[in-house]
Amino acid sequence: DQQVKQNSPSLSVQEGRISILNCDYTNSMFDYFLWYKKYPAEGPTFLISISSIKDKNEDGRFTVFLNKSAKHLSLHIVPSQPGDSAVYFCAASSQTGANNLFFGTGTRLTVIP
Amino acid sequence: SQTIHQWPATLVQPVGSPLSLECTVEGTSNPNLYWYRQAAGRGLQLLFYSVGIGQISSEVPQNLSASRPQDRQFILSSKKLLLSDSGFYLCACKTTGLREKLFFGSGTQLSVL
């Protein structure tokens, strides 16, 4: 049972434009959300996170938005750069399951120069 | 900051053969350690986690086992591999106090034939 879903396996965006990656979750107990970025043959690296007490968190070109009522979060990358091309994983956790991060299946972003 | 060493990067094993994947961590002490697996088309699934030497928790029943003989060493094993054990295996660590910010190794791509 996939509690965190990324329904778009791939996304292509022109350099300089906005990339929007989406993530949905089913468990209402999730209260902490993270985005990881993964290059080929490397492990995922932490990108940005958001707590459920917020609806937005920004770090440079990366912004994560959280809509708790819709159980939906999104990652915006503006402007997109070719070096952003990677697989992006959404992850979520709850206080009660603090030793487990639930991951989505990932979205492969390709930024076209 | 911590560094996670994981090897080998790729491994091809016949069905029924044993498995041993090793992960070592540098730059931190008493970390929580994790083994994740990504099977084709699936998100990252937590297999085992450890909060200390000799302490192993299993999240899903399977053909695999884990051990933590030293504070910064985490081993994933199997006595007899199955076809379904194929996947991308990732070791991760979390320093106590940082909620859910996992740091990942570079992963092992295991193909069981």
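Residues numbered from 1 in each chain as written. Chains lettered and ligands numbered in written order. Predicted model: local features only at pLDDT ≥ 70, side-chain atom pairs only at ≥ 80, totals over all residues. Heavy atoms only, no water.

S.K.: Can you walk me through the state of the cysteines in this structure?
M.R.: Disulfide: a covalent bond formed between the sulfur atoms of two cysteine residues. Going through the model one piece at a time under the given rule, you end up with two disulfides over all chains. Residue Cys23(A) pairs covalently with Cys90(A) via a disulfide, S to S 2.0 Å. Residues Cys23(A) and Cys90(A) are joined through a disulfide that is left-handed, its torsion about the S-S bond being -75 degrees. Placement of the pair is Cys23(A) in strand β3 (residues 19-25) and Cys90(A) in strand β9 (residues 86-93), with a sequence separation of 67 residues. Accessibility expressed as a relative area gives 1% for Cys90(A), which makes it buried. Covalently, Cys23(B) is tied to Cys91(B) through a disulfide, its sulfur atoms 1.9 Å apart. The chirality of the disulfide connecting Cys23(B) with Cys91(B) is left-handed, given an S-S dihedral of about -70 degrees. Here Cys23(B) is found in strand β3 (residues 19-26), whereas its partner Cys91(B) is found in strand β9 (residues 87-94), with 68 residues between them in sequence. Residue Cys91(B) is classed as buried on the basis of its relative accessible area, which comes to 0%. This cysteine, Cys93(B), is not joined by any disulfide, and Cys91(B) carries the nearest cysteine sulfur, 7.3 Å off. (Disulfide = S-S within 2.5 Å. Helix = DSSP H or I, 4+ residues; strand = E, 2+ residues; numbered from the N terminus. Buried < 20%, exposed > 50% of the residue type's maximum accessible area, 1.4 Å probe, protein only.)

S.K.: What is the right way to look at the side chain of Gln6(B) in this model?
M.R.: All names here are of chain B. Here Gln6 lies in strand β1 (residues 3-7). Given the relative accessible area of 8%, Gln6 is considered buried. Reaching out from Gln6, the side chain makes a polar contact with the backbone nitrogen of Cys91 at a distance of 3.0 Å. For Gln6, the contacting residues outside a window of four places in its chain are Glu22, Trp35, Tyr89, Leu90, Cys91, Gly105, Ser106, Gly107 and Thr108. (Polar contact = N/O pair within 3.5 Å; in protein donor to acceptor, adjacent residues only side chain to side chain. Contact = heavy atoms within 4.5 Å.)

S.K.: Which parts of the structure should I look at to understand the interface of chain A and chain B?
M.R.: One frequently used descriptor of interface size is the decrease in accessible area upon assembly of the parts. Every contact between the two is made by 22 residues of chain A and, on the other side, 22 residues of chain B. Around 1700 Å² of area is buried between chain A and chain B when both sides are counted, 54% of it from carbon and sulfur atoms. Taken together, the connections running from chain A to chain B amount to zero salt bridges. At the boundary of chain A with chain B, the tally comes to three residue pairs in polar contact (both at pLDDT 80 or more). Sort the elements by how many residues they give to the side of chain A that touches chain B and strand β4 (residues 32-38) of chain A lands first, with four residues. Looking at the side of chain A that touches chain B residue by residue, the classes come out as 10 nonpolar, nine polar and three charged. (Buried area = accessible area lost by both parts, 1.4 Å probe. Salt bridge = Lys/Arg side-chain N within 4 Å of Asp/Glu carboxyl O. Nonpolar A, V, L, I, M, F, W, Y, C, P; charged D, E, K, R; others polar.)

S.K.: Explain the environment of Phe103(B) here, please?
M.R.: Tracing the chain through its elements places Phe103(B) in strand β10 (residues 103-104). Sequence-wise, Phe103(B) and Ala92(B) are 11 residues apart; in three dimensions their C-alpha atoms are separated by 5.3 Å.

S.K.: Even after reading the chapter, I still don't get the sheet that holds strand β8 (residues 72-77) of chain A, so can you show me in this structure?
M.R.: Each strand in a sheet pairs with another by means of backbone hydrogen bonds, the pair being arranged parallel or else antiparallel. Residues and elements named next belong to chain A. In space, the five strands of this open sheet follow the order β1-β3-β8-β7-β6, with antiparallel pairing throughout. The sheet terminates laterally at β1 (4-5) and β6 (56-59), the two strands that pair on one side only. Across six bridges, strand β7 (residues 62-67) lies against β8 in antiparallel orientation. Paired with Thr63 across the two strands is His76, which belongs to β8. (Pairing = 2+ DSSP bridges.)

S.K.: Could you clarify how one ought to interpret the environment of Lys101(B) in this entry?
M.R.: Relative to the helices and strands, Lys101(B) is located in the loop between β9 and β10. Distance from Lys101(B) to Glu59(B), taken between C-alpha atoms, is 19 Å for residues 42 residues apart in sequence. Not counting residues up to four positions away in its chain, the partners in contact with Lys101(B) are Leu34(A), Tyr36(A), Phe46(A), Cys93(B) and Lys94(B).

S.K.: Explanation requested: the pairing of strand β11 (residues 107-112) of chain A in the structure shown.
M.R.: All names here are of chain A. Taking every second residue as pointing to the same face, the buried face of β11 carries Thr107, Leu109 and Val111, while none of Arg108, Thr110 and Ile112 on the other face is buried. Summarising the sheet, strand β2 (residues 10-14) and β11 pair through five bridges and their orientation is parallel. Looking across to β11, one finds that Ser12 is bridged to Thr110. Bridge count between β9 and β11: three bridges; the pairing is antiparallel. Paired with Val87 across the strands is Arg108, a residue of β11.

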